[in-house]
Structure formats: structure tokens, C-alpha cells
Amino acid sequence: MSMKKESPWDVELHLAAARGDAKRLQVLLDSGRVHVDCKDKDGTTPLILAAAGGHIDAVVELLQQGADANAKRLTGTTALFFSAQGGYMDIATILIKHGAVVDSCSIDGGTPLFVACQCGHLDVVEGLIAKGANVNAHMKDGATALFIAAQNGHVRILEVLLAYGAKTEAARTDGATPLWIAAQMGHDHVVRRLLKAGAKVDSKRHDGATPLFKAAHKGHTAVIGEILKYRPNLGILPNGESALHAAALMGHMTVARQLVGTGADPLLVNQEGLTPLQIAIRHSQNQVANYLKDKIRSRTAPC
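Residues numbered from 1 in each chain as written. Predicted model: local features only at pLDDT ≥ 70, side-chain atom pairs only at ≥ 80, totals over all residues. Heavy atoms only, no water.

This next bit is on the nonpolar core. The biggest cluster of nonpolar side chains holds 102 residues, and the ones touching the most others in it are Leu95, Leu113, Leu128, Leu161 and Leu259. In this view, Leu113 contacts Val125, Leu128, Ile129, Ala133, Asn134, Val135, Ala145 and Leu161; residues no more than four positions away in its chain are not counted. (Core = buried A, V, L, I, M, F, W, Y, C linked by side-chain atoms within 4.5 Å. Buried < 20%, exposed > 50% of the residue type's maximum accessible area, 1.4 Å probe, protein only. Contact = heavy atoms within 4.5 Å.)

Here the focus is unusual backbone geometry. Although it is not a glycine, Arg231 adopts a positive phi angle of roughly 50 degrees. Secondary-structure assignment places Arg231 in the loop between helix H14 (221-228) and helix H15 (243-250). Given a relative accessible area of 76%, Arg231 falls into the exposed group. In this model, Ser284 sits at a positive phi of 55 degrees, which is unusual for a non-glycine residue. Relative to the elements of secondary structure, Ser284 occurs in the loop between helix H17 (276-282) and helix H18 (286-300). Judged by relative accessible area, which is 52%, Ser284 ranks as exposed. (Helix = DSSP H or I, 4+ residues; strand = E, 2+ residues; numbered from the N terminus.)

In this structure the tally under the stated criterion is one aromatic pair. Ring centres of Phe81 and Phe82 lie 5.5 Å apart, and the angle between their planes is 75 degrees; this geometry places the pair in the edge-to-face category. (Phe/Tyr/Trp six-rings, centres within 6.5 Å; stacked < 30°, edge-to-face > 60°.)

Further remarks concern the environment of Arg156. Checked against the element boundaries, Arg156 lands in helix H10 (residues 155-163). Sequence separation between Arg156 and Leu179 is 23 residues; the distance between their C-alpha atoms is 15 Å.

Here the focus is helix H2 (residues 22-30). Residues of H2 that are buried: Ala22, Leu25, Leu28 and Leu29. Taken end-on, H2 shows its buried residues confined to a sector of 125 degrees, consistent with a single buried face. For H2, the exposed residues lying more than 90 degrees away from the buried face are Lys23 and Asp30. Buried residues along H2 sit in contact with helix H1 (8-19) and helix H4 (56-64). (Arc of directions from axis to C-beta.)

Turning to the UniProt feature "repeat: ANK" (unreviewed entry) in the protein chain, a few remarks are in order. Summarizing the sequence annotation, UniProt attributes the feature "repeat: ANK" (unreviewed entry) to residues 42-74, 75-107, 108-140, 141-173, 174-206 and 239-271 in the numbering used throughout. Taken end to end, residues 141-173 comprises 52% helix and 0% strand; its first and last C-alpha atoms sit 5 Å apart. Across residues 239-271, the secondary structure splits into 52% helix and 0% strand, with the terminal C-alpha atoms separated by 8 Å. (UniProt positions renumbered as here; feature names shortened; annotations may be inferred.)

With respect to the secondary-structure elements, Arg172 resides in the loop between H10 and helix H11 (178-185). With residues near it in sequence (within four places) discarded, Arg172 still touches Asp141, Gly142, Ala143, Phe147 and Ile181.

With that settled, consider the environment of Leu259. Position of Leu259 among the secondary structure elements: in helix H16 (residues 253-261). A relative accessible area of 0% means that Leu259 is categorised as buried. Setting aside its immediate chain neighbours within four residues, Leu259 contacts Leu212, Ala216, Ile224, Leu228, Leu234, Ala243, Leu244, Ala247 and Ala264.

Laid out in C-alpha cells, this is it:
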């Protein structure tokens, strides 16, 4: 797609929008020398710049001059997307009143609601939902707004999404669920809330790793404490390993104690025929190895 070369008037209009100079915008547009929706090489219009900068007076002036509230950059993002990203619900409300599509998505499927969830703008999330945003829309990779909120640790936003019917098991294309990503990222408060909402404790990514396995691999002890309340699978998973194997591999001593204390077997054999103890020894995780040795001795010692 080709675009005409920007004129000096186009550039000046863009600069005025980026600065939020509503009076200069009015003068330029009233001159008739420049179009209100002129675009730069990335497809950015003055309205998009003004919205991204939080310049409400400039936004109002451009809309009154006939700016297209649904104009898109080459990435598919609109003025509403950028107002949501910046946390400017006042501007988002004005744009929607002027016809901005609430669920207009970028080329990767992201909507204004997604970026508000990512950036932690609770008021924008609530406002967009009130305007009809779809809480279960998903990006091309399958990630939903709930997934994005869980990934970024925004528990209050997560609670709002759940209250409006967000699906806890809506998975990304690789099988990762909101619970899985929250466990990987170490967001124990999010993990707690998702489990309380009924999220499946042993949801698996396509490689067979569960939330517990990933938390054990990363050493997220608080997350593991929450997951263990829901009796997760401590045995061999479809990926051929157990959570204790992951803890042994990485040398996470506290995690090993948590898992063994809940019933994980230090003599459990993985797909390679190795126990967690052997894994710890092989990778010179001496503290974990000594702990597992002591546990095995205490189990086999005569009464």
C-alpha cells in the first residue's frame, strides 16, 4: 500500500496534535490546506497522536473538524487503542461517542481492552466493558484479556473480568491458560484468585507442563503454596518429568521441601529413568541432593 508523501502542512498538523495544541489545529484545518486525517508513513493520523498523548482538547477539535474516529495505523491500532493504553478513559469515552468501535482490533488481534489490561488501567477496563467490550475476545495467539491480566499480575482487573464472565480455561494456542501464565510469572495473588474461581489446577501447556511444574522450575514458592492447596498432580506429567524433578534440576531447596512435605516422591523415575536425587547430583545441586538423601534414608531406616 502506498501513501502520498507528507506535505509540510501535514507535518505541522501532526506536530500540533502531538503537542495538544488545539488552537493551532483549528487554524491549520480552517485554512483548507491540510486534510484532518492526513497520515504519516506509519498510517498515523493527528487524532491518533492527540489521543495517545492524552490531549483531550485536541481530540475534541479534531473530531469536530470531522476526523475519523476509526482510522487505523498500519498495525491496525486506532485512537481508542492508544487512549486505552495511556489510561485516558475521558478520551476513550469521547471517541466512542463519535463512533469509535470498542472492539476494533490490531493486526495481531489486540483490542483496546487488551492493552488496558496489559497496562493495568482498571478504570479504562471497567469503562470499556460498560461500553460493550467483549471480555472473551482473543488475539491471534488465543490469548484473552484474562490471560493478559494474569500475565501482568493485575488481580483487580482480573476480578472485574471474571465478574463479567471471562472464561478461566480460555487457553493460548500453545495450551497455556491464565493460571499457567500466572504461575510462570510468580503472581501468587493471581493464582489464588484463579483457583478460587475454579481454574483447573493441572491445566497443561501442549508440552505437558502444568502450573505447578512451571512454578517449581522457576522457584516461585508462594505460587506453589497456593497450588498445593488444590491437590495438584505430584507424579510424572505428560512431559516425562515431575515438579520435584524440576526443583531438583534448578536447585530450588525451599520448593523441594514444599513438594516432598506434600507427598512428592524423591525416588520417582522420570522419562530418562532418573530420580530427582539423581538429577540433583548430576547438576551439582548439592543442597537439594543432601536433603533428598536424608528423606530417602529416613523412609528406609528400620523402626
